[in-house]
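Here's the letter readout for the chains.
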Amino acid sequence: AVMVSATLFGCGDTSYILKADDDKVGAGVYLYYASTELGNQITTLQYSGVTEDFLDQKIGDDTLSEYVEEVAMKSLKEHVATNAKFDELGLELSEADEKEISSIVNESWNTSKIIYEAQGIGKESFREVITTSKKDAMIFDYFYSKEGVEAVSDEDIINYIEENYLRYKVLSFPKATTEEGEEDTSKASFDKYLEKAKDVTFEDFDKLIEEYEKE
């Protein structure tokens, strides 16, 4: 993936790719978003059984490279918008925030420097990405934390979750066959617990899970 992204996006960290007013965004920031999305998509393709010719794969009507370029540019525009909004709201990074950012950057750089540099991403570009991510979180808190200007109550959050999300618990049974081609005991176990689960409440399902795990 590193080799592919370096070939696909071959621009350098020292140039800039976008200018918003007087704010220049380095190519390394774009490369970070592009390589991250490329890695995510390749992982997804691998899970689906694809092992080669990744850039020839289609995502909707686009090739993988076209799709990654679109996502990276969208992320770049959001990056610029976040920085502009942060300044507009008059927010500032505290000394503690700066230390947190430096800690994240240094730790990641120490373990992944070779990978980032192979993709054309410099340390300062990586720092800019992490800094903007922190700013994004601070903007969210400015509006929606308990002290935010549009604070959301715990009751509203709970009601939203209950209305829009499904809570579930599951038991997982492997599907397999013996060397002779005969179905193994997992089907019998599945049938047994399916019957037991029919009248079990959501709260009591944990007991069924514990029973199954002890077998």
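Okay, so let's go over this structure. Starting afresh in each chain, residues are numbered from 1 along the sequence in its written order. Selection of residues for local features in this predicted model requires a pLDDT of at least 70, selection of side-chain atom pairs for listing and counting requires 80 or more, and totals for whole chains, interfaces and linings are taken over all residues. The side-chain numbers reported here are obtained from all heavy atoms of the structure, hydrogens and water having been left aside.

Topic: the overall build of the protein
For the protein, the count of helices and strands is eight helices and four strands. Helix and strand definitions here come from DSSP, where helices need a minimum of 4 consecutive H or I residues and strands a minimum of 2 consecutive E residues; each element is numbered from the N-terminal end. Secondary structure elements of the protein occur, N-terminal to C-terminal, as α-β-β-α-β-β-α-α-α-α-α-α. Looking at the 215 residues of the protein, the share that counts as buried comes to 32%. If you take every contact in the protein between residues at least 6 apart in sequence, the share linking residues at least 24 apart comes to 56%. Throughout, the Shrake-Rupley method with a 1.4 Å probe supplies accessible areas, and for residues the shown protein chains are the sole cover considered. In the structure as shown, the protein presents an accessible area of about 14,800 Å², 50% of it carried by carbon and sulfur atoms. The buried label goes to any residue with under 20% of its type's maximum accessible area, the exposed label to any with over 50%, and the partly exposed label to all in between, with areas taken from a 1.4 Å probe on protein chains only. Contacts are assigned to residue pairs with any non-hydrogen atoms lying within 4.5 Å of each other.

A closer look at the nonpolar core
Taken as a class, soluble globular proteins show a tendency for nonpolar side chains to be buried jointly. What we call a nonpolar core is a set of buried Ala, Val, Leu, Ile, Met, Phe, Trp, Tyr and Cys residues that are connected through their side-chain atoms within 4.5 Å. Counting 32 residues, the largest nonpolar core has Tyr 32, Tyr 33, Leu 64 and Phe 126 as its most contacted members. Secondary-structure elements contributing two or more residues to this core are helix H2 (27–47), helix H3 (64–88), helix H4 (95–118) and helix H5 (123–144). In terms of residue count, H2 provides more of this core than any other element does, nine residues in total. Residues within four places of Phe 126 in sequence aside, it is in contact with Tyr 32, Ile 104, Val 105, Ser 108, Trp 109, Tyr 116 and Ile 121. With seven residues, the next largest nonpolar core counts Leu 171, Phe 173, Phe 205 and Tyr 212 among its residues.

So, the packing of helix H7 (residues 186–197) against helix H8 (residues 205–214)
Every angle, taken between N-to-C directions, lies between 0 and 180 degrees, and every axis is a line fitted to C-alpha atoms, over only the stretch in contact when it is a helix. Between H7 and H8, whose axes approach to 11 Å, the crossing angle comes to 160°. Judged by the angle between their axes, H7 and H8 are roughly antiparallel. Two packed elements cross with a definite hand, and for H7 against H8 that hand is right-handed. Contacts from Ser 189, Tyr 193, Lys 196 and Ala 197 of H7 reach H8 at Phe 205, Leu 208, Glu 211 and Tyr 212. What sets the label is the angle itself: under 35 degrees gives roughly parallel, over 145 gives roughly antiparallel, 65 to 115 gives roughly perpendicular, and the rest give oblique. Left-handed describes a crossing whose near helix is turned anticlockwise from the far helix through less than a right angle; right-handed describes the clockwise counterpart.

Quick notes on the environment of Phe 173
The residue Phe 173 is located in the loop between helix H6 (154–164) and H7 in this model. Along the backbone, Phe 173 and Phe 190 are 17 residues apart, and their C-alpha atoms lie at a distance of 6.4 Å. If we ignore the near neighbours within four places in the chain, the residues touching Phe 173 are Ser 186, Ser 189, Phe 190, Tyr 193 and Tyr 212.

Some thoughts on H5
Taking 1.5 Å per residue as the helical rise, H5 with its 22 residues ought to reach 32 Å, and the 32 Å between its terminal C-alpha atoms agrees with that figure. Taken as a whole, H5 has its buried residues at Ser 125, Phe 126, Val 129, Ile 130, Thr 131, Thr 132, Lys 134, Lys 135, Met 138, Ile 139 and Phe 143. If you follow the buried residues of H5, they end up packed against H2, H3 and H4. In this analysis, the expected span of each helix is defined as 1.5 Å times one less than the number of residues it contains.

So, the environment of Gly 26
Here Gly 26 is to be found in strand E2 (residues 23–26). Note: C-alpha distance between Gly 26 and Gly 122 (96 residues apart in sequence) is 9.6 Å.

That's the geometry; what it means functionally is another story.
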